[in-house]
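Each chain, letter by letter, is given below.
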Amino acid sequence: MACKAKRMAGPFDAQRFAARGFGGHGGRLGIAFHANGPNWVELRLPWQADLVGDIERGVLASGPIITLMDMATSFSVWQKKGVFVPHATLDLRVDYLRPAASGRTVIGRGECYRLTRAVSFVRGSAHDGDPDDPVAHVAGTFMNIDA
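None of these values were measured; they are calculated from a predicted model. Positions within a chain are numbered from 1, following the residues in the order the chain's sequence is written. The model is predicted, so local features are restricted to residues of pLDDT at least 70 and side-chain atom pairs to those at 80 or more, both for listing and for counting; the totals for chains, interfaces and linings are taken over all residues. By convention in this description, side-chain values take in all heavy atoms of the structure and omit both hydrogens and water.

A.B. asks: Account for the pairing of strand S1 (residues 32–36), naming residues and giving values.
C.D. replies: Every regular strand shows the same layout, with side chains that alternate between the two sheet faces. Whether two strands pair depends on DSSP finding at least two bridges between them. In DSSP terms, a helix is any run of H or I states spanning at least four residues, a strand is any run of E spanning at least two, and both are numbered starting from the N terminus. Pairing geometry for S1 and strand S2 (residues 40–45), over four bridges, is antiparallel. Paired with Phe 33 across the strands is Leu 43, a residue of S2. With antiparallel pairing between neighbouring strands as the criterion, S1 and S2 make up a hairpin whose turn holds three residues.

Here it is in structure tokens:
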């Protein structure tokens, strides 16, 4: 049986949507809105001692960064569409380039560069202060639930 998702009323506004607060995993990690444009959204992940994966160096674990990028790219789809509609991550390739510096907030920027009827294509990067020195790059796809 096909599932028809309900759309939220009004145009999608990433900042207003994020201002309601993140629940679940994103809320637990402290992920918050940073900036947005017509087809991109930036979210931030603050450094927290309980998210450290390498205790000796104080480096954030890769899992929270992957979650940050999944959320940022997801937001970018809604930003480009102009409406919130449920979708599912089909694929998210993460090239983890280097550890994030201890004590620094990580900024994740997701961009939706193509929409089709059934699939949205995204890419993005994460950095800890210098966009030219990324922590990770991502590329992925989301399946539109109401396609």
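A.B. asks: Before we move on, could you go through the confidence of the model for the chain and cite the residues and values that matter?
C.D. replies: A score from 0 to 100, pLDDT tells how confident the predictor is in each residue. When pLDDT is averaged along the chain, the result is 90; 93% of the residues meet or exceed 70. Any two residues having at least one pair of non-hydrogen atoms within 4.5 Å are treated as being in contact. Here residues 1–7 is a poorly scored stretch, pLDDT under 50, and it has 11 contacts once near neighbours within four places are set aside; other chains count.

A.B. asks: Please set out the pattern of salt bridges residue by residue, giving values where relevant.
C.D. replies: A pair is scored as a salt bridge if a Lys or Arg side-chain nitrogen falls within 4 Å of a carboxyl oxygen belonging to Asp or Glu. All chains considered together, the criterion is met by eight salt bridges. Across the salt bridge formed by Arg 109 and Glu 42, the nearest N and O atoms sit 3.2 Å from each other. Highlighted residues: Arg 109 in strand S6 (residues 106–115) and Glu 42 in strand S2, separated in sequence by 67 residues. Notably, a salt bridge pairs Arg 123 with Glu 111, separated by 3.1 Å at the nearest N-O pair. A residue pair is termed long-range when its members are at least 10 positions apart, and Arg 123 in strand S7 (residues 119–127) and Glu 111 in strand S6 qualify at 12 residues. Through salt bridges with shared partners, a single network forms among Arg 98, Arg 104, Asp 128 and Asp 133.

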